[in-house]
Amino acid sequence: RTLTQFRVCEPSAEWHQAWLSFQPVNHLRFGGWFGAFKDPDKACPYKILQDSSCPDGAFKLLCSWTGIPSPTQRHLTGFYIAEQLSGGHLYVGHASDKDAALLEFHFL
């Protein structure tokens, strides 16, 4: 399996060509933020995974962040891109495998 770094491709947006990455703490105190950063040193590699929980054509993105997790998060093997609901608002963040978002490829 190879690790891949992703960039935003939206020429009219402020974050065009920004790198996607994980930030270790979020408002839910579990998982982390899914962010876009202009500094390539803040980019985080992701692994594209397809396991038995994925329907045909779907996959999950596993974060391969190399930082040291907080003590409450050290039992996890990694974080997946996930939707997180808090206070009636939907956020994109990182969570454990059971809450991972199932994604599809759309080639442009």
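Residues numbered from 1 in each chain as written. Predicted model: local features only at pLDDT ≥ 70, side-chain atom pairs only at ≥ 80, totals over all residues. Heavy atoms only, no water.

Lay out the packing of aromatic side chains with the relevant residues and their values.
Summed over the entire model, instances satisfying the criterion amount to 1 aromatic pair. Relative to tyrosine 46, the ring of phenylalanine 6 lies with its centre 6.3 Å away and its plane at 55°, an arrangement referred to as tilted. Here tyrosine 46 lies in strand S4 (residues 46-49) and phenylalanine 6 lies in the loop between strand S1 (3-4) and strand S2 (19-23), a separation of 40 residues in the sequence. According to the relative accessible area criterion, phenylalanine 6 is partly exposed, its value standing at 22%. What makes tyrosine 46 buried here is its relative accessible area of 0%. Directly above the ring of tryptophan 15 sits lysine 38, whose terminal nitrogen or CZ lies 5.3 Å from the centroid. The ring of tyrosine 80 has lysine 60 lying over it, and the distance from NZ or CZ to the ring centre is 5.3 Å. (Phe/Tyr/Trp six-rings, centres within 6.5 Å; stacked < 30°, edge-to-face > 60°. Helix = DSSP H or I, 4+ residues; strand = E, 2+ residues; numbered from the N terminus. Buried < 20%, exposed > 50% of the residue type's maximum accessible area, 1.4 Å probe, protein only. Lys NZ or Arg CZ within 6 Å of the ring centre and 35° of its normal.)

Any details on unusual backbone geometry? Residues and values, ideally.
In this structure, glutamine 17 takes a positive phi of about 70° despite not being glycine. Take glutamine 17: it is sitting in the loop between S1 and S2. The class of glutamine 17 is partly exposed, set by a relative accessible area of 32%.

Could you give an account of the pattern of salt bridges, with specific residues and numbers?
It is possible for side chains of opposite charge to pair when their charged atoms get near one another. In this structure the tally under the stated criterion is 3 salt bridges. Linking lysine 60 and aspartate 97 is a salt bridge whose minimum nitrogen-to-oxygen distance equals 2.6 Å. Separated by 37 residues along the polypeptide, lysine 60 in strand S5 (residues 58-63) and aspartate 97 in the loop between strand S7 (89-95) and strand S8 (103-104) bring together distant segments of the chain. The exposure class of lysine 60 is buried, given its relative accessible area of 2%. Across the salt bridge formed by aspartate 99 and lysine 98, the nearest N and O atoms sit 3.3 Å from each other. Since its relative accessible area comes to 36%, aspartate 99 is described here as partly exposed. (Salt bridge = Lys/Arg side-chain N within 4 Å of Asp/Glu carboxyl O.)

Treat this as a map of the structure, not an account of what it does.
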